[in-house]
Amino acid sequence: VQLQASGGGLVQAGGSLRLSCEASGNIFIINVMVWYRQAPGKQRELVASITNGGNTVYTDSVKGRFTISRDNAKNTVYLQMNSLKYEDTAVYYCNAVVTTPTTGPRNYWGQGTQVTVSS
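Residues numbered from 1 in each chain as written. Predicted model: local features only at pLDDT ≥ 70, side-chain atom pairs only at ≥ 80, totals over all residues. Heavy atoms only, no water.

A.B. asks: Looking at this model, I keep getting lost on the pairing of strand β1 (residues 2–6). Mind explaining?
C.D. replies: Regular strands place side chains that alternate from one sheet face to the opposite one. Burial along β1 is one-sided: L3 and A5 are buried, and none of Q2, Q4 and S6, which face the opposite way, are. With 5 bridges joining them, β1 and strand β3 (residues 17–24) adopt antiparallel strand pairing. Across the sheet, the residue bridging to Q2 is S24, located in β3. (Buried < 20%, exposed > 50% of the residue type's maximum accessible area, 1.4 Å probe, protein only. Helix = DSSP H or I, 4+ residues; strand = E, 2+ residues; numbered from the N terminus. Pairing = 2+ DSSP bridges.)

A.B. asks: Even after reading the chapter, I still don't get the sheet that holds β3, so can you show me in this structure?
C.D. replies: Spatial strand order, β1-β3-β8-β7: 4 strands in an open sheet with antiparallel pairing. Both edges of this open sheet fall to β1 and β7 (66–71), since each of them pairs with a single strand only. Sheet twist, expressed as the average angle between the axes of neighbouring strands with direction ignored, equals 15°. (Axes fitted to C-alpha atoms, helices over the stretch in contact; angles between N-to-C directions.)

A.B. asks: Just to check I follow, could you spell out the packing of aromatic side chains for this structure?
C.D. replies: Describing an aromatic ring pair means giving the distance of the ring centres and the angle of the ring planes. With the rule as written, the count across this model stands at 1 aromatic pair. Ring plane angle 50° and centroid distance 5.0 Å describe the contact between Y36 and W109, whose orientation is recorded as tilted. Separated by 73 residues along the polypeptide, Y36 in strand β4 (residues 29–38) and W109 in strand β10 (residues 103–109) bring together distant segments of the chain. Under the relative-accessibility criterion, W109 is labelled partly exposed at 39%. (Phe/Tyr/Trp six-rings, centres within 6.5 Å; stacked < 30°, edge-to-face > 60°.)

A.B. asks: Please explain the nonpolar core as it appears in this structure.
C.D. replies: In this structure, W35, V47, F66, L79, M81 and Y92 are the most contacted members of the largest nonpolar core, which totals 30 residues. Those elements giving two or more residues to this core turn out to be β1, β3, β4, β5 (45–51), β7, β8 (76–81), β9 (90–100) and β11 (113–118). Counting residues per element, this core draws most heavily on β9, at 5 residues. (Core = buried A, V, L, I, M, F, W, Y, C linked by side-chain atoms within 4.5 Å.)

Remember that the coordinates give geometry; whether it matters functionally is a separate question.
See the structure below:
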């Protein structure tokens, strides 16, 4: 199973970006899809998560500004980021708990995508 993230970039404060992460491989079910971020000198933190049933969780700092969604047919998770702030600058990582036809649920990580918000 591989996760391919895309959509990062440089944006001015107040702007928007949309991140995507597609899972590929021998997938039976994707239980949970998650976006994390890590800013320089800080620990990686959970930004938002979504279950295969559509239940979502957000960290407080992004509530009302970020929206996580997924397309189960495409095995893809999205993160729509609006009203971006300087403090949203970080490397964003997608993560998924995936069950394959031959294994139980396992944790997979995509490569990071850089989001830089200029003040």
